[in-house]
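Coordinate inspection notes
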Amino acid sequence: MTDDHKTACGHGHHDLHGACCGGNTDFDPGRRSTLDLLAKGGLAALLGGIPAMLPRMAQAQDDDVLRIGYLPITDATPLLVAHAKGYFEEEGIKAEQPTLMRGWSPLIEGFASGKFNLVHFLKPIPVWMRYNNNFPVKIMSWAHTNGSALVVGRHTDIADFAGLGGKQVAVPFWYSMHNIVLQYALRANGIKAVIKPQGEPIAADECNLQVLPPPEMPPALAAKKIDAYIVAEPFNALGELKAGARMLRFTGDIWKNHPCCVVCMHEEATTAKPEWTQGVMNAVVRASIYASQNKEEVAELLSKDGAGYLPAPAPVVKRAMTLYENNPDYIASEAIKHQGEFHNGRIDFQPWPYPSATKLIVEAMNETVVSGETTFLEGLDPQFVADDLVNYDYVKAALEKYPEWKNDPSVATGGDPYTREEIFEL
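Here the structure is a predicted model, which is why all the values come from computation and not from measurement.

Another point: the sheet that holds strand E12 (residues 261–266). Here we have five strands laid out as an open sheet, ordered E2-E1-E3-E12-E4, and mixed in their pairing. Taken across any chain shown, the strands that pair with only one partner, and hence form the sheet edges, are strand E2 (99–100) and strand E4 (137–142). Across four bridges, the pairing between strand E3 (residues 118–122) and E12 is antiparallel. Across the sheet, His120 pairs through a bridge with Val263, a residue of E12. The strands touched by helix H8 (residues 104–113) are strand E1 (68–70), E3, E4 and E12; relative to E3, the strand with the most contacts, the crossing angle is about 140°. Along the sheet face, helix H14 (residues 274–293) touches E3, E4 and E12 and points at about 165° away from the line of E12.

Below, the structure written as structure tokens:
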């Protein structure tokens, strides 16, 4: 990025980016355009060249080297901890240093071309890839539960979801758990989700949505270009510490123990290399258990003050992973209402991909206001997706090997730990 660009970026934006993104204030405009296209439903355009990529992808899978791609968010924790703690090596798997990507579109491109064979995606992304583009992606496990929130600017008077009427709110992606939960809460409060050009009038009963990459959200809030944003950690914690954000509500306090990102692999690898795939999933499950049991230590490890997997400083990542239960500010503001009932954390780690949540997401994708083409969802059966998109065998074998996963607060209790009822409660 040029010095001129740095100078033009006012409102202390560079300080916010530096706090969480290693001082890099730039977001490549070409990739930003691709992200916008993808967010508006242009996945087919983005992945139109996939058939030509498949020979390269197959070639890339000829060896047994694990190549991890990830975004600088806490969603990637199990993949990063498995690498940092040497769990892949203990399974006999050679793993390269994970590659940090700055946006969803380059991560998808890298996965599609075979550059990466283990990634985390927002859960609706593999739905698009498999059913809109016939791309052989498989969800192998959940990366985490909870771990997201809605924060509002201190320049606003927003005290509840009804207060989002007439306001500008940023989401990380049209098809995301964040957009689904936000619009559920808006509907419950009589507010319509709309997508209007910036500068157009917004009615008092409308909430105008826009897509922003997570690193751009805190600076936009600080500059009062948006009134609120909903996203994964650590960008909520960063907003609280650096952008004058107030925590309005944790998403895990609305949708109990919801998924956000999922762990994905190429279907070819899972069928051609079953022992290798099982080793990968054994390591991921072990890492999930370790993260669940050692959140503060893991936050330090992942931060730029530790092993440097995430460019955020340790205080930001620790807040994102640990500050929740019994916090008087969150209780007083009702950012958390159901912790006593839900028994969850700000972020939790259990890998089992509950089919009920997959079905709910497919159903909700048809009910959520988005920008762009949505015809691929027509007639898409939620039960079929739950059965076809997710590979349950490897993760279940790993969970049976490491039964400590059941101790995480986001595991269903009182019966079969592999089955649960989805709970939405404002």
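There is more to say, and it comes next.
What follows concerns the packing of H14 against helix H15 (residues 295–302). At a minimum axis distance of 5 Å, the contact between H14 and H15 shows a crossing angle of 110°. The angle between H14 and H15 places the two elements in the roughly perpendicular class. Facing Tyr290, Ala291, Ser292 and Gln293 of H14, the residues of H15 in contact are Lys295, Glu297 and Val298.

All right, on to the nonpolar core then. Ranked by size, the top nonpolar core spans 137 residues in total, and within it Phe88, Trp104, Phe121 and Leu164 carry the most contacts. With ten residues, the single largest contributor to this core is H14. When near neighbours in sequence (up to four residues on either side) are disregarded, Phe88 contacts Leu66, Ile68, Leu79, Ala82, His83, Ile93, Ala95, Leu118, Val280, Ala283 and Val284.

The element E12 is largely enclosed, with a buried count of six among its six residues. For E4 and E12, the ladder comprises five bridges, and the chain directions are antiparallel. By the bridge assignment, Val137 is partnered in E12 with His266.

Time to look at the state of the cysteines. Enumeration according to the criterion identifies zero disulfides in this entry. Take Cys264: it sits in no disulfide, and the sulfur closest to it among the cysteines is that of Cys261, at 8.8 Å. Looking at Cys264, the relative accessible area reads 0%, which means it is buried.

Before going further, it helps to spend a moment on the environment of Phe111. Tracing the backbone shows Phe111 in helix H8. Since its relative accessible area comes to 0%, Phe111 is described here as buried. When the C-alpha positions of Phe111 and Gly69 are compared, they lie 7.7 Å apart, and in sequence the two are 42 residues distant.

Right, let's talk about the packing of aromatic side chains for a bit. Think of a pair of aromatic rings as described by two things: how far the centres are apart, and how the planes are tilted against each other in angle. Tallying each qualifying case throughout the model produces 15 aromatic pairs. Judged by centre distance (5.4 Å) and plane angle (90°), the ring pair of Phe111 and Phe121 falls under edge-to-face. Taken as a pair, Phe111 in helix H8 and Phe121 in strand E3 lie far apart in primary sequence, ten residues in all. With a centroid separation of 4.9 Å and an interplanar angle of 80°, the aromatic rings of Phe250 and Tyr324 are classed as edge-to-face. Remark: Tyr324 occurs in the loop between helix H16 (314–322) and helix H17 (328–333) and Phe250 occurs in strand E11 (residues 245–250); sequence separation between them is 74 residues. The pair Phe250 / Tyr324 is uniform in exposure class, with both members buried. Of the aromatic side chains, those joined through ring pairs into one cluster are Trp128, Phe173, Tyr175 and Phe376.

Before going further, it helps to examine the pattern of salt bridges. On inspection of all chains with the given rule, the structure shows 17 salt bridges. The closest approach of N and O atoms between Glu206 and Lys196, which form a salt bridge, is 2.7 Å. Taken together, the residues Glu206 in strand E9 (residues 206–211) and Lys196 in the loop between strand E8 (192–194) and E9 connect sequence positions ten residues apart. Taking relative accessible area as the criterion, Glu206 reaches 14% and is therefore assigned buried. For the salt bridge of Arg420 with Glu422, the shortest nitrogen-to-oxygen distance reads 2.8 Å. It is possible to trace a salt-bridge network through shared partners that takes in Glu233, Glu240, Arg319 and Arg346.

For the rest of this paragraph, the subject is unusual backbone geometry. Of all residues except glycine, most have a negative phi; of all peptide bonds, most are trans. Of note, the bond from Glu233 into Pro234 is cis; its omega dihedral lies within 30 degrees of zero at 15°. Position of Pro234 relative to the elements: it lies in the loop between strand E10 (228–232) and helix H12 (235–242). In the Ramachandran plot, Asn326 falls in the positive-phi region, its phi being about 70° despite a non-glycine side chain. With respect to the secondary-structure elements, Asn326 resides in the loop between H16 and H17. Judged by relative accessible area, Asn326 falls into the exposed class, the value being 61%. In this structure, Glu334 takes a positive phi of about 65° despite not being glycine. Assignment of secondary structure puts Glu334 in the loop between H17 and helix H18 (339–342). For Glu334, a relative accessible area of 43% puts it in the partly exposed group.

The rules behind each value
Residues numbered from 1 in each chain as written. Predicted model: local features only at pLDDT ≥ 70, side-chain atom pairs only at ≥ 80, totals over all residues. Heavy atoms only, no water. Pairing = 2+ DSSP bridges. Helix = DSSP H or I, 4+ residues; strand = E, 2+ residues; numbered from the N terminus. Contact = heavy atoms within 4.5 Å. Axes fitted to C-alpha atoms, helices over the stretch in contact; angles between N-to-C directions. Parallel < 35°, antiparallel > 145°, perpendicular 65-115°, else oblique. Core = buried A, V, L, I, M, F, W, Y, C linked by side-chain atoms within 4.5 Å. Buried < 20%, exposed > 50% of the residue type's maximum accessible area, 1.4 Å probe, protein only. Disulfide = S-S within 2.5 Å. Phe/Tyr/Trp six-rings, centres within 6.5 Å; stacked < 30°, edge-to-face > 60°. Salt bridge = Lys/Arg side-chain N within 4 Å of Asp/Glu carboxyl O.

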